[in-house]
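Chain by chain, the residues:
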Amino acid sequence: MTDLEDAVSEFLSETDTVYREYDKGYMDADAALSRIQKEVEDLREKAESE
(Lines give C-alpha, C1' and ligand atoms only; values in the text may rest on other atoms or scores of the structure.)
Protein backbone atom coordinates (compact mmCIF):
# COMPACT_ATOMS: atom_id res chain seq x y z
CA MET A 1 0.00 0.00 0.00
CA THR A 2 1.06 3.57 -0.55
CA ASP A 3 1.20 6.11 2.24
CA LEU A 4 -2.00 7.70 0.92
CA GLU A 5 -3.79 4.35 0.87
CA ASP A 6 -2.66 3.76 4.43
CA ALA A 7 -3.93 7.21 5.40
CA VAL A 8 -7.32 6.56 3.81
CA SER A 9 -7.57 3.21 5.56
CA GLU A 10 -6.72 4.82 8.89
CA PHE A 11 -9.23 7.62 8.26
CA LEU A 12 -12.01 5.13 7.55
CA SER A 13 -11.15 3.06 10.60
CA GLU A 14 -11.06 6.08 12.92
CA THR A 15 -14.29 7.43 11.46
CA ASP A 16 -16.02 4.08 11.99
CA THR A 17 -14.83 4.14 15.59
CA VAL A 18 -16.28 7.61 16.10
CA TYR A 19 -19.64 6.55 14.65
CA ARG A 20 -19.77 3.46 16.86
CA GLU A 21 -18.90 5.44 19.98
CA TYR A 22 -21.49 8.09 19.13
CA ASP A 23 -24.17 5.46 18.47
CA LYS A 24 -23.44 3.87 21.85
CA GLY A 25 -23.77 7.24 23.58
CA TYR A 26 -20.11 7.47 24.58
CA MET A 27 -19.75 10.97 23.09
CA ASP A 28 -21.98 13.84 22.08
CA ALA A 29 -22.37 15.18 18.55
CA ASP A 30 -19.89 18.04 19.05
CA ALA A 31 -17.16 15.69 20.22
CA ALA A 32 -17.85 13.29 17.33
CA LEU A 33 -17.68 16.06 14.75
CA SER A 34 -14.50 17.41 16.29
CA ARG A 35 -12.79 14.02 16.06
CA ILE A 36 -13.96 13.50 12.48
CA GLN A 37 -12.77 17.00 11.55
CA LYS A 38 -9.32 16.15 12.95
CA GLU A 39 -9.24 12.96 10.87
CA VAL A 40 -10.24 14.91 7.74
CA GLU A 41 -7.46 17.43 8.38
CA ASP A 42 -4.91 14.65 8.83
CA LEU A 43 -6.04 12.93 5.63
CA ARG A 44 -5.97 16.21 3.70
CA GLU A 45 -2.42 16.92 4.87
CA LYS A 46 -1.31 13.46 3.81
CA ALA A 47 -2.98 13.81 0.39
CA GLU A 48 -1.36 17.21 -0.21
CA SER A 49 2.06 15.85 0.67
CA GLU A 50 1.82 13.12 -2.00
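Residues numbered from 1 in each chain as written. Predicted model: local features only at pLDDT ≥ 70, side-chain atom pairs only at ≥ 80, totals over all residues. Heavy atoms only, no water.

Chemist: Help me understand the pattern of salt bridges in this model?
Modeler: Oppositely charged side chains may form a pair once their charged atoms are brought near each other. In the structure shown here, the tally under the stated rule is two salt bridges. Across the pair Arg35 and Glu21 runs a salt bridge, and its minimum N-O distance is 2.7 Å. Here Glu21 lies in helix H1 (residues 3–23) and Arg35 lies in helix H2 (residues 29–49), a separation of 14 residues in the sequence. Exposure remark for Arg35: the relative accessible area of 32% places this residue in the partly exposed category. The closest approach of N and O atoms between Lys38 and Asp42, which form a salt bridge, is 2.7 Å. Residue Lys38 and its partner Asp42 are located together in helix H2, separated by four residues, close to a single helical turn. Judged by relative accessible area, which is 44%, Lys38 ranks as partly exposed. (Salt bridge = Lys/Arg side-chain N within 4 Å of Asp/Glu carboxyl O. Helix = DSSP H or I, 4+ residues; strand = E, 2+ residues; numbered from the N terminus. Buried < 20%, exposed > 50% of the residue type's maximum accessible area, 1.4 Å probe, protein only.)

Chemist: Just checking my understanding: could you explain H1 for this structure?
Modeler: Helical geometry: 3.6 residues make up each α-helical turn, so side chains three or four residues apart lie on a common side. Across its 21 residues, H1 extends 30 Å between first and last C-alpha, which sits within 8% of the 30 Å expected from 1.5 Å per residue. Listed as buried for H1 are Ala7, Phe11, Thr15, Thr17 and Val18. Along H1, the residues classed as buried sweep out an arc of 155° about the axis, all on the same side. Summarising the contacts, the buried residues of H1 are in contact with H2. Directly beyond the C-terminal end of H1, a positive phi value near 85° is found at Gly25. (Expected span 1.5 Å × (residues − 1). Arc of directions from axis to C-beta. Contact = heavy atoms within 4.5 Å.)

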